[in-house]
Amino acid sequence: MGFRIFIWIGLIGLSFSSFSQLPSNAEVRFMRTVYQQHSADLAAHTRQRLVENAFLLHQAHQRFPSLVVRQATVGFNNHYHVRRYLLSAWQAQGWLDDNAIAPLALNPAYNDDWLRRTLGNYPADGALNQATVNKLAGIKLLDATALSNTLNMADFYQSMSMQIKYKLHQGDMSVFHSELQRWHRFRQSALLVSPLLKSHQLSLERLQDIALADILRPSLLTELGVQQTMHGSSGELERLKQDIKEQDIVAYYERHRERFRYIAKVRAYGVQFDQHEQAQKFYQQAKSQGFISAMGDKENVFGKQNSVLSRDNDSAPVFAKQLAFTLPTDTLSRPVRTPENKWLVLMSTEKAYEYYAKNSETVRYQAIEALAKEQAQQNYEAQFKAWRAHMEAAG
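Residues numbered from 1 in each chain as written. Predicted model: local features only at pLDDT ≥ 70, side-chain atom pairs only at ≥ 80, totals over all residues. Heavy atoms only, no water.

A. Up close: the layout of surface pockets. Considering only enclosed or pocket space, the largest pocket measures out at about 290 Å³ in volume. If you trace the largest pocket, you find 14 residues lining it, with Val69, Asn77, Asn78, His79 and Arg83 closest to the centre. Sorting the residues of the lining of the largest pocket by element identifies helix 5 (65-69), helix 6 (78-92), helix 9 (153-158) and helix 12 (204-223) as the ones contributing at least two each. When residues in the lining of the largest pocket are grouped by element, the largest group, four residues, is from helix 6. (1 Å grid on protein atoms, 1.4 Å probe; cavity = no way out; pocket = protein on both sides within 12 Å on 5 of 7 lines; lining within 4 Å. Points joined across faces, edges and corners; volume = space filled by probe spheres on them. Helix = DSSP H or I, 4+ residues; strand = E, 2+ residues; numbered from the N terminus.)

B. Representation of the packing of aromatic side chains. If you walk through the whole model with that rule in mind, you get 19 aromatic pairs. Their ring planes at 35° and their centres at 6.4 Å tell us that Tyr380 and Phe384 sit as a pair that is tilted. Here Tyr380 and its partner Phe384 are both found in helix 18 (residues 361-394), four residues apart, which amounts to about one turn of the helix. Put simply, the rings of Tyr110, Trp114, Phe156, Phe176 and Trp183 touch in pairs and so form one group of aromatic residues. Across the ring face of Tyr355, the terminal group of Arg257 is positioned such that the distance to the ring centre comes to 3.8 Å. It is Arg261 that lies over the ring of Tyr353; its NZ or CZ is 3.9 Å from the centre. (Phe/Tyr/Trp six-rings, centres within 6.5 Å; stacked < 30°, edge-to-face > 60°. Lys NZ or Arg CZ within 6 Å of the ring centre and 35° of its normal.)

C. Structural detail: the nonpolar core. Core analysis: the biggest nonpolar cluster contains 45 residues, and Phe30, Met31, Tyr85, Leu86, Trp90, Leu197 and Leu207 have the highest contact counts within it. If you list the elements that add at least two residues to this core, you get helix 2 (25-36), helix 4 (46-63), helix 5, helix 6, helix 11 (173-199), helix 12 and helix 18. Beyond its immediate chain neighbours, meaning those up to four positions away, Leu86 contacts Phe186, Leu204, Leu207, Gln208 and Ala211. By size, the runner-up hydrophobic cluster in this structure holds 25 residues, among which are Tyr110, Leu142, Leu151 and Ala154. (Core = buried A, V, L, I, M, F, W, Y, C linked by side-chain atoms within 4.5 Å. Buried < 20%, exposed > 50% of the residue type's maximum accessible area, 1.4 Å probe, protein only. Contact = heavy atoms within 4.5 Å.)

D. Region of the structure containing helix 15 (residues 276-289). Here helix 15 is 14 residues long and its end C-alpha atoms lie 20 Å apart, about the 20 Å a rise of 1.5 Å per residue gives. What helix 15 keeps buried is the set Ala279, Phe282, Tyr283 and Ala286. Viewed along the axis of helix 15, the buried residues span an arc of 105°, placing them on a single side of the element. Away from its buried face, by an angle of more than 90 degrees, helix 15 presents the exposed residues Glu277, Lys281 and Ser288. Summarising the contacts, the buried residues of helix 15 are in contact with strand 3 (261-273), helix 16 (291-295), strand 5 (331-332) and strand 7 (343-355). Taken from the residues just after helix 15, Gly290 is the one with a positive phi, measuring 100°. (Expected span 1.5 Å × (residues − 1). Arc of directions from axis to C-beta.)

E. Representation of the pattern of salt bridges within the structure. Counted according to the given criterion, the structure contains 17 salt bridges. In this structure, Asp214 engages Arg49 in a salt bridge whose closest nitrogen and oxygen atoms are separated by 3.0 Å. With Asp214 in helix 12 and Arg49 in helix 4, this pair connects stretches of sequence that are 165 residues apart. One salt bridge connects Glu236 with Arg63, and the closest N-O pair in it is separated by 3.2 Å. Residue Glu236 is found in helix 13 (residues 235-241), and its partner Arg63 is found in helix 4; the two are separated by 173 residues along the sequence. The exposure class assigned to Glu236 is buried, which follows from its relative accessible area of 7%. Residues participating in the shared-partner salt-bridge network are Arg63, Glu236, Arg239 and Asp243. (Salt bridge = Lys/Arg side-chain N within 4 Å of Asp/Glu carboxyl O.)

Here it is as structure tokens:
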């Protein structure tokens, strides 16, 4: 197959910032407790997951920098998710007492009128202009702490989802207060657990990177083409598809010919009734004495086709035909309501199989999809192996 395995770390070099670190034993112990809240199997593979996550975070910084900040333009930024993740993680350790953190005393000058005037109208494109961002940056919401910088209105606003931003522009003070309290709780919680982090040989900076990597993991695996999601897309897979040649498709077809087998014809019989009771009675008779015998002189819905259905036979009733193709061989269906509000009982007795032609669109599509995924997996494994070897040698 005409592909190359790209070892990105060999092309772009390695960074040694905090996200390019293998997990320490202390970090593994911390995260094992977190994972135990979700799955014993996940907890059992904590170190492997954290090592892979560190690789994925490195990939994000090098290849998908926009993902490091925000995964979707309409959603919260990643730091918002990191704060929630760490609060949950600290609770899993038993380090937090909800009553130990006093609620934030809110500035009485902050009201709905102030909020509307401060933010102005919601921007048509959803993005504030730079002048407005600069103005908001001058509005202090929370004082600096030993672990956190001053929180200004610009940073507060930019972290929010599109839906929350819209509500803030409407002067929704309940949303403003709720989100500000969440931010306050994280900052105070970080101060509260700081001595515990130190005693457990942990740091807030590293835990933030570990949390971010875990949050980004599904998106990054999708981007790299090794995990598929319902709505996700992979630029890596699209790139690899462009490299697939005709001989690759033919070779894939020859290796996996059975995957391209399809039901070409079906021999089936069916009887339709107006009432469910009639259909149920016939069903019981067919079970006990056989379908053909029970059918007697009743009309066979496939009579015009002599009970032989093919995929290109358009004269057969569509719903009944579809059911006949999906029904296992020598299987009697229970009474099924049709779109015409009738009751249908079917029996499928034989199926004939054929193979898609190697130059058919079905073969091309499936082969290209499968080959691109295979290559993406090979690239991923090679890149991960090279990165890990480099990190272990350097460490």
